[in-house]
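# Tertiary structure, described
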Amino acid sequence: MNDLTRLRELRTEVPPPSPEAWANARLALQRAVLEERDTRVPSALRLRYRAAHRPRPRRAVPSVLAAAVVVLVVVLVVALGVGAPKGTGHQESATGGQHGLVHSTWKLVSDLSSSWSVVSDASLEPGVHLACPTSSTCYANTLTDLSRYSLSYSQFEVTHDGGNTWQQSNLPVTLSAATPLSCVDADTCATLGIDGSGQSEFFETTDGGESWVTVAGPSQLSGMIGQALWCTSASACVAVVQGPKGPAAAYITSNAGATWSESPLPAAFGDGFPVSLQCSSSGACVAAGVSENPQGNVGLGPILYSTILYSTDGGATWALAAAPSGLGQPISLSCADSSDCLARAATAPIGAARTWLLASTDGGASWQLVHATGLPSSGLTGLSCPDTSDCWASGFGGLDSHGFQGFLASTADFGKTWQQAQLPQGIIVPFDVQCPTSTTCYALALQRSARSASLVLLASGN
Amino acid sequence: VRGEFEVSDHLASDGEIVAASLREPERFASIFERHFATIHHYLARRLGEDLADDLAAQVFLVAFERRHTFRAGTTDVRPWLYGIATNLVRNNRRAERRLLAAMGRLSGGRDVLPETESAASAGDLAELTRALAALNQTQRDALLLHAWEGLSHSEIARSLGVPEGTVASRIARARRHLRQVLGGTGSAPHQRQGQGGKT
């Protein structure tokens, strides 16, 4: 018996990896995959604001004749009983019309390519936001790149006629970082940001974007990272932000930013990075943020986990919500009223058909996992719930040989079952979805043609 | 090139899947599903099951993060994964020494060592374990990838990022040392290839 044979005898027979080992390793890898996808896929396309913006005619909407043909085809298909097969993902259509938001298709309303051009790049995220306070008014803003590593938020596009025409709205200064716009009504919106000198400033428009009033923001915000702002009136706003040195805190104003009061967040939020905030006029607020695993590198690399907070007094005091452990990043959060909220949350094993959301029926105090049947498992970019049964979600389900697989999906049972809608041809990444009413939704998306891509506004409905 | 990655994962080679995962990160899951058990086994043999759970997961995280460095045109991803795993073993050399010492102490070895033909051979294996622990790290890595994992010299060379000749000499020196420790009880050395046999 030679030495190699003896050495092989020394090779202990070890049991196969336990199911727990498989699951933990799968989860760690899945998080790495999702983190890369969530940062990389949007950043694969970069938007650049065109300085020489001019009002332009809207892109031609489908003609009446074309619409009639589509309706006729749909009627024939239904009459013949030839429906789209179930479970075909992107091609699966919603059943249409029975309940509030459930529409079978989305239509293209506006081509914003004269305002924003799309530049291929793999280094930056576009940061596209849509705020639609009414069924006819939407504010769209994106990052504007000043240089490769410097971003600004100074320009908005505003429509007050459902996307048919757009006006440019400029902030008086260029911001290096800012919250997404929070709108109270068609004329009143606000944002909190950091100007070029590093000072925090609060901006508010009360005339639909024609002009902006600037006041100093909370001084502690210099260089802030992670931010969320929600205004319930022209004078009352709550911000959950993280300063450069201290932990995140909530700041409240009741006089349109003239003064701010600071409220600490629960210690469990730690160095949380605030990503979502929503409040109601009754004083209920829900905030979500992500933190690194407090145990650090536990052999699987640093893992992000989410924390959800709630307040019942307009942000003056906060408590940690009761939620399942091991949550992913709840980058999307939407409350239909002061009680019912839905959030993107838990991550599932790679390749799993299941997607999990979190639902709360008590103003964010406690959350339960909801198996979101029919919703793609990753790449959720937006979530909007105008009432306690209907929601729309935007996102991208992955890549194929034709490019990104964007989706818009609706639920009529508050997140349990979802159906993907048919999108206009070439829609590759819906960045955000907003439903100001139970029957009207808008989405900001990228549409790719043969040689280019453009930012477009979609509206729900046939 | 459109359609370049339009190949089913169950038919695709490791190299094709890694290449596809550069555009579609989730495709890397197939690499995990194919090779996690193999890498876990390797780490469990060298470091024990407890560490293997964490480190095997880490191997695939590292591989995922560095997949752009995987050499294009290579079909088998295992040597690359073994290389990452071996680096993690080196970072945990104390744990390996402890495991080998424990195995050496258990001269009967029933709990740790495999069934042996006789008490005498069990004693030899205890000696062998101690000799293995006394090898320098690079020799032990090469020898165990060959003897335990069945990697050929060329596969080990790819794993460890050294020339094939270096692998051959490390294994030869390691075997010479083991034979000396075993007091010549082993048969004459010969260059037996591992199960892979792809030198």
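Residues numbered from 1 in each chain as written. Chains lettered and ligands numbered in written order. Predicted model: local features only at pLDDT ≥ 70, side-chain atom pairs only at ≥ 80, totals over all residues. Heavy atoms only, no water.

## A word on the pattern of salt bridges
Residue and element names in this part refer to chain B. Following the criterion strictly, the structure yields ten salt bridges over all chains and no others. For Arg45, the salt bridge goes to Glu149, with nearest N and O atoms at 3.0 Å. With Arg45 in helix H2 (residues 28-47) and Glu149 in the loop between helix H7 (137-147) and helix H8 (153-160), this residue pair connects regions lying 104 residues apart in the sequence. Owing to a relative accessible area of 10%, Arg45 belongs among the buried residues under this scheme. Assessed through its relative accessible area of 8%, Glu149 is described here as buried. As a salt-bridge pair, Arg140 and Glu96 come within 3.3 Å of each other at their nearest N and O atoms. With Arg140 in helix H7 and Glu96 in helix H5 (residues 93-105), this pair connects stretches of sequence that are 44 residues apart. Exposure remark for Arg140: the relative accessible area of 2% places this residue in the buried category. Because the salt bridges share partners, they merge into one network encompassing Arg46, Arg90, Glu96, Arg140 and Asp141. (Salt bridge = Lys/Arg side-chain N within 4 Å of Asp/Glu carboxyl O. Helix = DSSP H or I, 4+ residues; strand = E, 2+ residues; numbered from the N terminus. Buried < 20%, exposed > 50% of the residue type's maximum accessible area, 1.4 Å probe, protein only.)

## Brief notes about the state of the cysteines
Residue and element names in this part refer to chain A. Taken as a whole and assessed by the stated rule, the structure comprises seven disulfides over all chains. Between the sulfur atoms of Cys231 and its disulfide mate Cys237 the distance is 2.0 Å. Taking the torsion about the sulfur-sulfur bond, which here is approximately 100°, the covalent link between Cys231 and Cys237 counts as right-handed. Paired by a disulfide, Cys385 and Cys391 hold their sulfur atoms 2.1 Å apart. (Disulfide = S-S within 2.5 Å.)

## Description of the confidence of the model for chain A
Residue and element names in this part refer to chain A. Per-residue pLDDT for chain A has a mean of 74; in total, 67% of the residues score no lower than 70. At the low end of the mean pLDDT range in chain A sits helix H3 (residues 64-80), at 38; at the high end sits strand S11 (residues 182-183), at 95. This model gives residues 145-151 a pLDDT under 50, and the stretch forms 18 contacts once residues within four places in sequence are excluded. Overall, residues 295-303 carries pLDDT values under 50, and its contacts beyond four positions in sequence, including any with other chains, amount to 16 contacts. (pLDDT = per-residue confidence, 0-100. Contact = heavy atoms within 4.5 Å.)

## Observations concerning the sheet that holds strand S8 (residues 155-159) of chain A
Neighbouring strands of a sheet are bound in pairs by backbone hydrogen bonds; such pairs are parallel or else antiparallel. Residue and element names in this part refer to chain A. Pairing is antiparallel in the open sheet, where four strands are placed in the order S4-S5-S8-S9. The open sheet terminates on both sides in strands that have one partner only, identified here as strand S4 (129-131) and strand S9 (167-170). Neighbouring strand axes in the sheet, compared pairwise and without regard to direction, differ in orientation by 25° on average. Sheet topology note: the strand S5 (residues 138-141)/S8 ladder contains four bridges and is antiparallel. Along S8, the bridge assignment pairs Asn141 with Phe156. (Pairing = 2+ DSSP bridges. Axes fitted to C-alpha atoms, helices over the stretch in contact; angles between N-to-C directions.)

## Some details on a negative patch on the surface
Residues and elements named next belong to chain A. On the surface, Asp185, Asp187, Asp207 and Glu210 cluster together into a patch of negative charge. Turning to its location among the elements, Asp185 is positioned in the loop between S11 and strand S12 (189-195). Given a relative accessible area of 34%, Asp185 falls into the partly exposed group. (Patch = residues over 30% accessible without salt bridge, like charges linked within 9 Å, V, L, I, M, F, W, Y side chains within 5 Å. Areas by Shrake-Rupley, 256 points an atom, 1.4 Å probe, with all protein chains shown as cover. Lys, Arg positive; Asp, Glu negative; His and termini not counted. Charge placed at Lys NZ, Arg CZ, Asp CG, Glu CD.)

## A look at the side chain of A:Ser200
Secondary-structure assignment places A:Ser200 in strand S13 (residues 200-205). Looking at A:Ser200, its side chain comes within polar contact range of the main-chain oxygen of A:Pro218, at 2.5 Å. (Polar contact = N/O pair within 3.5 Å; in protein donor to acceptor, adjacent residues only side chain to side chain.)

## Digging into the packing of aromatic side chains
Following the criterion strictly, the structure yields eleven aromatic pairs over all chains and no others. The interplanar angle of 90° and the centroid separation of 5.0 Å between the aromatic rings of A:Trp106 and A:Trp392 together place this pair among those described as edge-to-face. Residue A:Trp106 is located in strand S2 (residues 106-111), and its partner A:Trp392 is located in strand S28 (residues 391-400); the two are separated by 286 residues in the primary sequence. Ring geometry for B:Phe36 versus B:Phe60: centroids 5.9 Å apart, planes at 50°, classification tilted. Taken together, the positions of B:Phe36 in helix H2 and B:Phe60 in helix H3 (residues 49-65) put the pair 24 residues apart, joining distant regions of the chain. The same class applies to B:Phe36 and to B:Phe60, which are both buried. Put simply, the rings of A:Trp22, B:Phe32, B:Phe36 and B:Phe60 pair up and form one aromatic cluster. In this structure, B:Arg67 is placed above the aromatic ring of B:Phe64, and the distance from its NZ or CZ to the ring centre is 4.1 Å. (Phe/Tyr/Trp six-rings, centres within 6.5 Å; stacked < 30°, edge-to-face > 60°. Lys NZ or Arg CZ within 6 Å of the ring centre and 35° of its normal.)

## Comments concerning a positive patch on the surface
Together, B:Arg93, B:Arg94, B:Arg97 and B:Arg98 make up a positively charged patch on the protein surface. Within the secondary structure, B:Arg93 sits in helix H5.

## Observations concerning the sheet that holds strand S24 (residues 341-344) of chain A
Residues and elements named next belong to chain A. Strand order in the open sheet formed by four strands is S23-S24-S25-S26, and the pairing between neighbours is antiparallel. Each end of this open sheet is capped by a strand with a single partner; those strands are strand S23 (333-335) and strand S26 (368-371). Going from strand to strand, the sheet's axes swing by 25° on average, the running direction of each strand aside. When strand S25 (residues 356-360) meets S26, the two strands line up antiparallel, connected through four bridges.

## Examining helix H4 (residues 78-91) of chain B
Here H4(B) spans 20 Å end to end across 14 residues, near enough to the 20 Å set by a 1.5 Å rise per residue. Across the 14 residues of H4(B), ten count as buried, placing the element largely inside the fold. (Expected span 1.5 Å × (residues − 1).)

## Concerning helix H1 (residues 14-21) of chain B
Across the eight residues that make up H1(B), a large majority, six, are buried. For H1(B), every residue scored as buried is listed here: B:Asp14, B:Gly15, B:Ile17, B:Val18, B:Ala20 and B:Ser21.

## Observations regarding the packing of H2(B) against H3(B)
All names here are of chain B. Contact pair H2 / H3: the axes reach a minimum separation of 8 Å and the direction vectors enclose 140°. Comparing their axes, H3 and H2 come out oblique. The chirality of how H2 crosses H3 is right-handed. Contacts between H2 and H3 involve Phe28, Ile31, Phe32, His35, Phe36, Ile39, His40, Leu43, Ala44 and Leu47 from the former and Glu49, Leu51, Ala52, Asp53, Leu55, Ala56, Ala57, Val59, Phe60, Ala63 and Phe64 from the latter. Residue composition of the contact of H2 with H3, grouped by class: 17 nonpolar, two polar and two charged. (Parallel < 35°, antiparallel > 145°, perpendicular 65-115°, else oblique. Left-handed = near helix turned anticlockwise from the far one by under 90°. Nonpolar A, V, L, I, M, F, W, Y, C, P; charged D, E, K, R; others polar.)

## Side note on the environment of A:Gly209
Residues and elements named next belong to chain A. By secondary structure assignment, the location of Gly209 is in the loop between S13 and strand S14 (213-216). Residues Gly209 and Leu171, spaced 38 residues apart in sequence, show a C-alpha to C-alpha distance of 8.9 Å. Non-local contacts of Gly209, meaning those with residues more than four positions away in its chain, are made with Tyr139 and Ser169.

## Regarding unusual backbone geometry
Residues and elements named next belong to chain A. Located in the positive-phi region is Ala256, a residue other than glycine, with phi close to 55°. Here Ala256 lies in the loop between strand S17 (249-253) and strand S18 (261-264). In this structure Ala256 comes out as partly exposed when scored by relative accessible area, which is 25%. With phi around 55°, Phe414 is a residue other than glycine that occupies positive phi space. You can see Phe414 is positioned in the loop between strand S29 (403-411) and strand S30 (419-420).

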